[in-house]
Amino acid sequence: MARLDLRVRAFAWLFAHSPGAVDSMTPDQILRAQELLAGHGRLTAGVTGRLAKGVTTVDRVIEQDGERVPVRFYRAADQPPDSPVVVYFHGGGWTLGALDHSDWLCSQVCLGVGAVVVSVDYRLAPRHRFPTAVLDSLAAVHWVHGHAGELGVDATRIAVMGDSAGGNLAAVVCQQVRDRGGPRIAHQSLIYPATDLRTPDDFDATAPARTDYPILSSAVMLTFRDQYLGPDGDPDSPLASPILAGDLTGLPPALIQVAEYDPLRDDGIRYGRALEDAGTAVRLTEYVGMPHGYFSFPMVIRGSVRQALAEVCAQQRLALYPRPTPERDPRPAPAGSPGTEARDTVGTGAVDPAASRPVGDHQVGQHPVPQHQASPTGH
């Protein structure tokens with residue numbers, strides 16, 4: 001494994017030695033932590049980042065299918081009408097996270113993609129157990145699609161994005177709107193997603209779980225999982241573990257980013273391979289030497305975060321701003337002319353994983369199905 005950057009190691013040490021580790025909290029303490037995080041989001045901007053200049057936000061509560069869901073809209077000052085829209089689901093293990101903590105990422109995507117971004121403040125566990133977060137996320141996507149005219153966005157160009165637990169929700173949303181006849185999703189960006197909430201004993205009892213990952217340990221991930229599912233939640237349900245869906249065909253093109261030092265690394269890789277096997281175009285990127293949650297700490301983990309952000313924006317632009325296919329010249333090209341044996345697929349949103357190569361300090365493309373140690377949530 002690559003060596004963790006000194007800045008990342010220092011931050012991980014502070015994170016690990018800060019009071020209030022989630023795996024030692026009671027449900028009441030987690031609820032109190034939710035209140036503190038929601039009330040002090042602006043004060044943590046030195047770590048989580050601030051709203052980008054030139055972007056304005058509007059908060060409102062939407063109502064759809066009996067659900068009332070707070071959302072935040074991000075729009076550039078010069079946002080053209082009928083722009084595409086990206087619906088974002090934040091991370092935090094389905095138990096933590098607040099709208100303020102994602103201002104940096106959402107506003108950067110707004111500018112970098114040229115899209116209106118809608119951040120969804122889905123209800124959190126342990127007060128609201130599985131599948132409440134799924135229902136809120138679906139309600140938000142359907143509401144955005146149904147109110148596209150009011151929002152001034154193009155209902156035919158919708159993408160979803162989520163990190164960690166939010167990546168789980170984004171993957172589930174794509175499956176559910178396909179199965180329920182919902183709006184067409186043009187692209188899914190799954191950032192270090194949780195895709196399998198089973199424990200290793202359910203599928204590989206010979207692979208012991210690691211517990212020493214920085215930022216997100218396997219023990220903390222297991223706590224998040226248990227708080228989310230509660231005593232009655234089923235980890236075998238595709239609503240919880242999207243990799244267990246019986247049919248993975250017909251899903252949107254996907255960008256999947258994983259971090260090397262992350263108990264969820266193998267989740268993303270295995271889901272990417274499963275999508276690819278089902279015929280979905282997938283770009284899979286591993287950020288070497290990075291811990292889980294790098295998009296949550298852009299002021300600390302700087303260089304790689306900006307590379308990851310550029311990749312997210314580039315992939316979403318390809319899907320949301322497709323180029324029209326040029327009309328072919330009816331005259332046959334002379335034999336042996338350059339380019340006569342290749343098709344132009346630029347702008348289709350499909351990326352050939354076989355063409356990927358290492359870039360900068362991360363690796364892009366082919367990963368074998370991992371055989372190394374698993375984490376307690378299915379990795």
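Provided above is the structure to which this section pertains.
To start, this report covers the structure provided alongside it. (Residues numbered from 1 in each chain as written. Predicted model: local features only at pLDDT ≥ 70, side-chain atom pairs only at ≥ 80, totals over all residues. Heavy atoms only, no water.)

### Things to note about the pattern of salt bridges
Selection rule: Counted as salt bridges are all cases of a side-chain nitrogen of Lys or Arg within 4 Å of a carboxyl oxygen of Asp or Glu. Helix and strand labels come from DSSP, where a helix needs a run of H or I of at least four residues and a strand needs a run of E of at least two; each type is numbered from the N terminus. Between buried and exposed lies partly exposed: a residue is buried under 20% and exposed over 50% of the maximum accessible area for its type, with that area taken using a 1.4 Å probe on protein chains only.
For the structure on display, the rule yields 16 salt bridges. Between Asp136 and Arg123 there is a salt bridge, with its nearest N and O atoms 2.9 Å apart. Of this pair, Asp136 sits in helix α5 (residues 132-146) while Arg123 is found in the loop between β4 (116-120) and α5, placing the two residues 13 residues apart along the sequence. Its salt-bridge partner being Arg157, residue Asp154 comes within 3.0 Å of it at the nearest N-O pair. When its relative accessible area of 17% is taken as the criterion, Arg157 is described as buried. What you see here is one network of salt bridges that share partners, running through Asp59, Arg72, Asp100 and Asp103.

### With respect to the environment of Ala155
Note the following rule: For this analysis, residues touch if any pair of their heavy atoms sits within 4.5 Å.
Along the chain, the position of Ala155 falls in strand β5 (residues 153-163). Distance in space between the C-alpha atoms of Ala155 and Pro183 is 8.0 Å, their sequence separation being 28 residues. Discounting residues that sit within four places of it in the chain, Ala155 has contacts with His145 and Ala148.

### Details of unusual backbone geometry
The linkage connecting Ala125 with the following residue, Pro126, adopts the cis geometry, with an omega of 5 degrees. Mapped onto the fold, Pro126 is located in the loop between β4 and α5. For the peptide bond that leads from Phe130 to Pro131, omega is 5 degrees, which places it in the cis range. In this structure, Pro131 sits in the loop between β4 and α5. Phi at Ile215 is positive, roughly 70 degrees, even though this residue is not glycine.

### Considering the pairing of strand β8 (residues 282-291)
The condition is simple: Here the rule is simple: two strands pair whenever DSSP picks up at least two bridges between them. Look down the strands so they point away from you; if the path from the first strand over the helix to the second goes clockwise, the crossover is right-handed.
Within β8, 9 of the 10 residues are buried, which leaves it mostly tucked inside the rest of the structure. When strand β7 (residues 254-261) meets β8, the two strands line up parallel, connected through 7 bridges. The partner of Val258 across the bridge, within β8, is Glu286. With helix α9 (residues 265-277) bridging β7 and its parallel neighbour β8, the resulting β-α-β unit is right-handed.

### Side note on the packing of α5 against helix α7 (residues 165-180)
Packed helices, taken two at a time, are described by their axes: the angle between them and the distance between them. For clarity, the threshold we go by: In this analysis an axis means a line fitted to C-alpha atoms, helices contributing only their contacting stretch, and an angle means the value between N-to-C directions, from 0 to 180 degrees. Two helices crossing with the near one rotated counterclockwise from the far one by less than a right angle form a left-handed crossing, whereas a clockwise rotation gives a right-handed crossing.
At a minimum axis distance of 10 Å, the contact between α5 and α7 shows a crossing angle of 60 degrees. Judged by the twist between their axes, the crossing of α5 over α7 is right-handed. Touching Ala133, Val134, Ser137, Leu138, Val141 and His142 of α5 are Leu169, Val172, Val173, Gln176, Val177 and Arg180, all from α7.

### What to know about the packing of aromatic side chains
Applied cut-off: Geometry of aromatic contacts follows a simple scheme: Phe, Tyr and Trp rings, the Trp one being its six-membered ring, pair when their centres are within 6.5 Å, and the pair is stacked under 30 degrees between planes, edge-to-face over 60, tilted otherwise. For a lysine, the NZ atom is tested; for an arginine, the CZ atom; a charge sits over a ring if that atom is within 6 Å of the ring centre and within 35 degrees of the ring normal.
Tallying each qualifying case throughout the model produces 6 aromatic pairs. Ring geometry for Phe73 and Trp143: centres 6.2 Å apart, planes at 45 degrees, overall tilted. Residue Phe73 is located in strand β2 (residues 67-76), and its partner Trp143 is located in helix α5; the two are separated by 70 residues in the primary sequence. For the pair Phe73 and Trp143, one class covers both residues: buried. Here Tyr192 and Tyr294 contribute two aromatic rings whose centre-to-centre distance is 4.9 Å and whose plane-to-plane angle is 80 degrees, an arrangement assigned as edge-to-face. Here Tyr294 lies in the loop between β8 and α10 (302-320) and Tyr192 lies in the loop between β6 (185-191) and α8 (218-229), a separation of 102 residues in the sequence. Here Tyr192 falls in the buried class, since its relative accessible area comes to 1%. Taking the relative accessible area as the measure of exposure, Tyr294 reaches 1% and is therefore buried. Put simply, the rings of Tyr192, Tyr287, Tyr294 and Phe295 touch in pairs and so form one group of aromatic residues. Against the face of Tyr321 rests Arg157, its NZ or CZ located 4.9 Å from the ring centre.

Distances and angles like these do not, on their own, reveal function.
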